[in-house]
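What the coordinates show
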Amino acid sequence: MAEKKETAMDKIVSFCKRRGLIFPTSEIYGGLANSYSYGPYGAELKNNIKKLWWKKFVQKRPDIVGMDGPILLNSKLWEASGHLAGFNDALVDCKKCKKRFRADHVVKELTGEDMEGELEKMTKTLQAGLKCPECGGSDWTEVKNMSQMFKTEMNGVDGAVYLRPETAGAIFSDYKNVVDSMRVKVPFGIAQIGKAFRNEIVARNFIFRIREFEQMEIEYFIEPDADWEPLFDKWLDEQEDFAISIGAKKEDLRRYEHPKAKLSHYSKKTIDTEYNFPFGFGELFGLAHRGDFDLTQHAKFSGQSLDYFDPVANKRYVPHVLEPTVGLDRLVLTAICAGYFEEKLEDGERVVLRFPSAVAPIKVAVFPLMKNKPELVIKAKEIFGSLSEEFMCEFDDNGNVGKRYRRQDEIGTPYCVTIDFETLNDQAVTIRDRDTMTQERIKVAELKNYLTEKLK
Ligand code: GAP
């Protein structure tokens, strides 16, 4: 039976680099402040998670439509949303070692108390003698706010333009166009996947907190008087189901409700779903009831009416919004942490990523038993050509078959197909299952159907 070992984050980080999942970016130039690139397998993994999310929340939902807005948007939008004035994090520097911290994080780490937003209290607490976790010093600067907005400029536009700090903005600003062009009826949602940028004070924990990341967000518009709590609970369950579908165990998920006192004035409720990463629980999904704040603000700042006429209730109103959101990079990290196992076998050890098939970067690996036997290689290439019409496949003729199995286990490939001398006579191949490591003989003519069934 597979036994799950504690896996420290640094082990996951070096594994991801070694196996072509995720690399430090611009590494030949010395890297760039905890930024990462997705390698060939990482890009597949990320795309698979995206496709699953889109299928679950757009394709299979008659009440949700998708859109794809730009990263650069009219800056008035960020004024209306409050991001220009208030999208800040609190920073503090240790004067001795010059290390910079996010003040609320370092205070929480040192005292256990959540003082987010209380700058003066954090300054006093730190300056009362708290020790820097890096150097042990106790000389701190004052806690100051720093904007998380990335600023740039655009030809033909006066003033600054910003890289969007969340995908939600474009959904609200295009809400009217969607309503006018799509005949959507409340309750309905608009979904979007895309990059978001935040100038985080400290990027850390690998791809958990980065400055350029991807979000998958939905704005779900409801009647102001709707009985929203059952809907809210349903969204929570849907988020949990999605995490489980990419491999998370239910017992590694928990919910954190934001205390009423910390909620924005317009929000009725906010609950995060957290995952138990190797460094502890961290936010994976967010779900917020945002009232009519966003549409009202955008109506005010744009001068356009964003009312909705409800033909069923025969009344006009500004819809309220439930906002389920998730970070794609955090889902990728969840899938890797949940899937990573080190197993002792009779003939040694193996690392295996037990990805659900839909998430696995490569679905089928195709091997000729020997690379110096042209008849095997030709047959294997023919089978690769036919299977790769349907599935993401990899052709591998390097090293002995045992080593090739281990390589595929490490990237989570559910099935390996080996073409041997028998194949030339009986038109059958050996299929090896990643999880059970059992092998069976299948006729080439039945291979596609067999794999389609198994990979469902
Ligand atoms: N529109 C609402 C919104 O943006 P958020 O909680 O700030 O809410 C949504 O972000 C999700 O985006 C989070 O639940 C998290 O998964 C992800 N996220 C936020 N900041 C991130 C960062 N710096 N790096 C990676 N993912 C991040």
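Attention in this report is confined to the structure presented alongside it. (Residues numbered from 1 in each chain as written. Predicted model: local features only at pLDDT ≥ 70, side-chain atom pairs only at ≥ 80, totals over all residues. Heavy atoms only, no water.)

1. So, the pattern of salt bridges
Applied cut-off: Definition used for salt bridges: Asp or Glu carboxyl oxygen within 4 Å of a side-chain nitrogen of Lys or Arg. Secondary structure elements follow DSSP: runs of H or I no shorter than four residues count as helices, runs of E no shorter than two count as strands, and numbering proceeds from the N terminus.
Going through the model one piece at a time under the given rule, you end up with 43 salt bridges. Here E343 and R354 are joined by a salt bridge, their closest N and O atoms 2.6 Å apart. Of the two residues, E343 sits in strand β17 (residues 340–345) while R354 sits in the loop between β18 (348–353) and β19 (364–368), which places them eleven residues apart along the sequence. A cluster of three or more residues bridged by salt bridges with shared partners is formed by E343, D347, R350, R354, R406, D409, R432, R434 and D435.

2. Focus on the site of the ligand
Rules: Any residue with at least one heavy atom within 4 Å of a molecule or strand is counted as near it. For the purposes of these results, a polar contact is taken to be a pair of N or O atoms within 3.5 Å, where, inside protein, one atom must be able to donate a hydrogen and its partner to accept one; residues adjacent in sequence count only when each atom of the pair is a side-chain atom. Here the open area of atoms and residues is found with the Shrake-Rupley method and a 1.4 Å probe, where only the protein chains shown may cover a residue. Under the scheme applied, nonpolar residues are Ala, Val, Leu, Ile, Met, Phe, Trp, Tyr, Cys and Pro; charged residues are Asp, Glu, Lys and Arg; polar residues are all the others, including Gly.
The environment of the ligand is made up of 19 residues, and the closest members are E166, I210, E217, E283 and L284. One nitrogen or oxygen atom from the side chain of R330 is found 3.3 Å from a nitrogen atom belonging to the ligand. Taking 560 Å² as the accessible area of the ligand by itself, protein coverage stands at 89%. Elements that contribute at least two residues to the shell around the ligand include exactly β10 (212–222), β13 (280–291) and β16 (320–327). For the shell around the ligand, the class distribution of residues is seven nonpolar, four polar and eight charged.

3. With respect to the sheet that holds strand β5 (residues 100–102)
Definition in use: For two strands to pair, DSSP has to find at least two bridges joining them. Inter-axis angles, ranging from 0 to 180 degrees, are taken between N-to-C directions of lines fitted to C-alpha atoms, where helices are fitted over the stretch in contact. Between two residues, a contact is recorded if the distance between any of their heavy atoms is within 4.5 Å.
An order of β5-β4-β6 is seen for the three strands of this open sheet, with the pairing classed as antiparallel. Strand pairing shows two members of the sheet lacking a second neighbour, β5 and β6 (144–147), which therefore form its edges. Direction aside, neighbouring strands of the sheet carry axes that sit 45 degrees apart on average. Pairing of strand β4 (residues 88–93) with β5, which is carried by three bridges, proceeds in the antiparallel orientation. What sits directly across from L91, in β5, is R102. Of the strands in this sheet, β4 and β5 are in contact with helix α5 (residues 103–111), which crosses β5 at around 80 degrees.

4. Section: the nonpolar core
So the rule is basically this: As used here, the term nonpolar core means buried Ala, Val, Leu, Ile, Met, Phe, Trp, Tyr and Cys residues forming a set that is joined through side-chain atoms within 4.5 Å. Exposure classes here rest on a 1.4 Å probe applied to the protein chains alone. A residue is buried below 20% of its type maximum, exposed above 50%, and partly exposed in between.
Formed by 58 residues in total, the largest nonpolar core has its most connected members in I12, I49, W53, L284, L331, L333 and I336. Looking at this core element by element, the count peaks at eight residues for helix α11 (residues 328–339). Not counting the four nearest positions on each side in its chain, L331 is found in contact with I49, M216, F242, I246, L284, F285 and V326. Judged by nonpolar contacts, the second largest core, of 25 residues, contains W78, M149, V178 and L306.

5. Some words on a nonpolar patch on the surface
Which entries qualify depends on this criterion: Like-charged residues are merged into a patch within 9 Å and nonpolar side chains (Val, Leu, Ile, Met, Phe, Trp, Tyr) within 5 Å, provided each residue has over 30% relative accessible area and no salt bridge.
A cluster of nonpolar side chains, L369, M370, F421 and L424, forms an exposed patch at the surface whose accessible area comes to about 290 Å². Within the fold, L424 resides in helix α14 (residues 421–426).

6. Quick look at the pairing of β16
Within β16, eight of the eight residues are buried, which leaves it mostly tucked inside the rest of the structure. Side-chain alternation along β16 places H320, L322, P324 and V326 on one buried face and V321, E323, T325 and G327 on a second face that is also buried. Both β10 and β16 contribute to a ladder of six bridges, which runs antiparallel. Paired with Q215 across the two strands is G327, which belongs to β16. When β13 meets β16, the two strands line up antiparallel, connected through six bridges. What sits directly across from G286, in β16, is T325.

Interpretation in functional terms is not warranted from these geometric data alone.
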